[in-house]
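The chain contents come next:
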Amino acid sequence: MIKAAVFGYGNIGSGVVRVIEENADRVEKAVGDKVEVKYVLDLREFEGDPIRSRVVHDVDVIVNDPEIQIISETMGGNEPAYTFTKKALEAGKSVCTSNKELVANHGAELIRIAAEHHCNYFFEASVGGGIPIIRTINEALTQEHLLEISGIVNGTTNYILTKMDREGAAFDTVLKQAQDLGYAERNPEADIEGYDAVRKIAILSSLMSGQNVNYEDLHVEGITKISSEDFLYAAKLNRSIKLLATAKKVGEKYLAMVAPFMLSKDHPLASANDVFNAVFVKGDMLDDSMYYGRGAGKLPTASAVVADVIEAARNLGRHLPINWEEQPAKLVAFEDAKHCFFVRIDRASADEAKAKEVFGKGEVVTVDALANEFAYLTEEMSEKEFAAKKASLNGVLSAIRVDKRA
Ligand code: HSE
């Protein structure tokens, strides 16, 4: 019998207990031994709940119990999760987490501490919820030089953009509906401003580069400026607008960022709609691949945590290396990154000839319903160059980067 504990009995933590207990037959078969949740750490009592007898309030009860070998950390946030995780790893207990904030902030350090204490720090559920993307990168694709990881890694924003695309609705209207349905938080800032996605791409690009990518060094734009007018143009261009978290190898450096992109409807990522997530990975030998599924939710996320618990249980006393060192990765400066741009321009301020003069070679796009404006699709240029050109032209209404691939 392998004894485990759960830090944080909220939505995901209670899901972890449920998956371990309801699917005990699958867990036992995979591990070759039973796994039992001995403790749950939480500030609350859970009176009347069958979990009550296993609830403890003091982390040291768990960390000092030699029977405990694996911990699921589903508390979320930096502290006290960071302190508790370090304590557990230093005591030689493997930790399996869904906490993207902690992984993005301290992943490399916690992996090193786990290595020093012959245990594991696993974080499958921190990106893409139930999509097994971390294990795919760390195990199935270790022979590859990864050239790109681009994902739709935030379900809330994908739901909003999908509704705007299908219904022609305005951002504020759809956000309000999403909040009423419980898909979006009452305080939606972390999702709609891209802060959740940027932590996830920092984790993925760290695994891609093998070095540490700090999310604070990455460019991040959310979806608050995307309008129903943008979608009219996107439809005309046979494109979707998606919030992409993207990391690409550029020479010996990496370009990682989060921003809305116009994406061909033929690109595999364009087929990920509603709350679903998808991660596109390009390897030098593998070529293109894509992984799709639920990026959030109690049971899909808990299932991913339990997959890590099983892996930890199969490898007690043995550290499985993860390619993520503490040394900072070499990043492309954002202003040097090159993209094509879609720019909406007010006809009262500038005409097509003026747009061509400012942005250079490109394509004019018009939509019948929007007679007072036109759009210009530029060729590839650096972010710095585009910002200067945009600032020099009166009448720019909005701009979105364009992924030119089919
Ligand atoms: N708020 C996140 C989302 C939850 O909408 O995808 C999963 O990390």
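Residues numbered from 1 in each chain as written. Predicted model: local features only at pLDDT ≥ 70, side-chain atom pairs only at ≥ 80, totals over all residues. Heavy atoms only, no water.

What to know about the environment of Ala259
Stage number 1. With respect to the helices and strands, the residue Ala259 is situated in strand 10 (residues 253–264).
Stage number 2. Assessed through its relative accessible area of 0%, Ala259 is described here as buried.
Stage number 3. In this structure the C-alpha to C-alpha distance between Ala259 and Arg347, which are 88 residues apart in sequence, comes to 26 Å.
Stage number 4. In this view, Ala259 contacts Glu221, Lys242, Leu243, Leu244 and Arg401; residues no more than four positions away in its chain are not counted. (Helix = DSSP H or I, 4+ residues; strand = E, 2+ residues; numbered from the N terminus. Buried < 20%, exposed > 50% of the residue type's maximum accessible area, 1.4 Å probe, protein only. Contact = heavy atoms within 4.5 Å.)

Observations concerning the packing of helix 4 (residues 81–90) against helix 5 (residues 100–116)
Stage number 1. Helix 5 packs onto helix 4 with a crossing angle of 15° between their chain directions and a minimal axis gap of 10 Å. What the angle tells us is that helix 4 and helix 5 run roughly parallel. Crossing of helix 4 over helix 5 shows right-handed handedness. Of helix 5, the residues touching helix 4 (which contributes Ala81, Tyr82, Thr85, Lys86, Leu89 and Glu90) are Leu102, His106, Glu109, Leu110, Ile113 and Ala114.
Stage number 2. Looking at the contact of helix 4 with helix 5 residue by residue, the class counts come to seven nonpolar, two polar and three charged. (Axes fitted to C-alpha atoms, helices over the stretch in contact; angles between N-to-C directions. Parallel < 35°, antiparallel > 145°, perpendicular 65-115°, else oblique. Left-handed = near helix turned anticlockwise from the far one by under 90°. Nonpolar A, V, L, I, M, F, W, Y, C, P; charged D, E, K, R; others polar.)

Remarks on the layout of surface pockets
Stage number 1. By volume, the largest pocket is sized at about 1,000 Å³.
Stage number 2. What lines the largest pocket is a set of 40 residues, among which Lys100, Glu185, Gly295, Ala296 and Gly297 lie closest to the centre.
Stage number 3. For the lining of the largest pocket, the secondary structure elements donating two or more residues are helix 1 (11–22), helix 5, helix 7 (155–167), helix 9 (189–192) and helix 10 (195–209).
Stage number 4. In terms of residue count, helix 7 provides more of the lining of the largest pocket than any other element does, three residues in total.
Stage number 5. The residue inventory of the lining of the largest pocket, partitioned by class, reads 12 nonpolar, 20 polar and eight charged.
Stage number 6. Each of domain 1 (2–129 + 298–314) and domain 2 (135–294) gives at least three residues to the lining of the largest pocket. (1 Å grid on protein atoms, 1.4 Å probe; cavity = no way out; pocket = protein on both sides within 12 Å on 5 of 7 lines; lining within 4 Å. Points joined across faces, edges and corners; volume = space filled by probe spheres on them. Domains from an automatic or database assignment.)

Description of the packing of aromatic side chains
Stage number 1. For the coordinates displayed, the defined rule picks out 10 aromatic pairs.
Stage number 2. On the basis of an interplanar angle of 75° and a centroid distance of 6.0 Å, the ring pair of Phe7 and Phe84 is categorised as edge-to-face. Linking Phe7 in strand 1 (residues 2–7) with Phe84 in helix 4, this pair joins segments that are 77 residues apart in sequence.
Stage number 3. Taking relative accessible area as the criterion, Phe7 reaches 0% and is therefore assigned buried.
Stage number 4. Between Tyr159 and Tyr183 the ring centres are 4.7 Å apart and the planes differ by 65°, which places this aromatic pair in the edge-to-face class. Note that Tyr159 is positioned in helix 7 and Tyr183 in the loop between helix 8 (171–180) and helix 9, a separation of 24 residues in sequence. (Phe/Tyr/Trp six-rings, centres within 6.5 Å; stacked < 30°, edge-to-face > 60°.)

Observations concerning the domain arrangement of the protein
Stage number 1. The domain boundaries assigned to the protein delineate domain 1 (2–129 + 298–314), domain 2 (135–294) and domain 3 (336–402).
Stage number 2. In this structure, domain 2 and domain 3 have C-alpha centres spaced 23 Å apart.
Stage number 3. The partner domain 3 presents 18 residues to the 18 residues of domain 2 that form the contact.
Stage number 4. The three residues of domain 2 that bury the most area against domain 3 are Tyr233, Leu237 and Met262, which together make up 39% of that side's buried surface.
Stage number 5. In this assembly, domain 2 and domain 3 are joined by two salt bridges.
Stage number 6. A salt bridge links Asp230 to Arg344; the shortest N-O distance between them is 3.6 Å.
Stage number 7. Across the contact surface, domain 2 and domain 3 share six residue pairs in polar contact (both at pLDDT 80 or more).
Stage number 8. Among the secondary structure elements, those contributing two or more residues to the side of domain 2 that touches domain 3 are helix 11 (228–236), strand 9 (239–250) and strand 10.
Stage number 9. No other element matches the six residues that strand 10 contributes to the side of domain 2 that touches domain 3. (Buried area = accessible area lost by both parts, 1.4 Å probe. Salt bridge = Lys/Arg side-chain N within 4 Å of Asp/Glu carboxyl O. Polar contact = N/O pair within 3.5 Å; in protein donor to acceptor, adjacent residues only side chain to side chain.)

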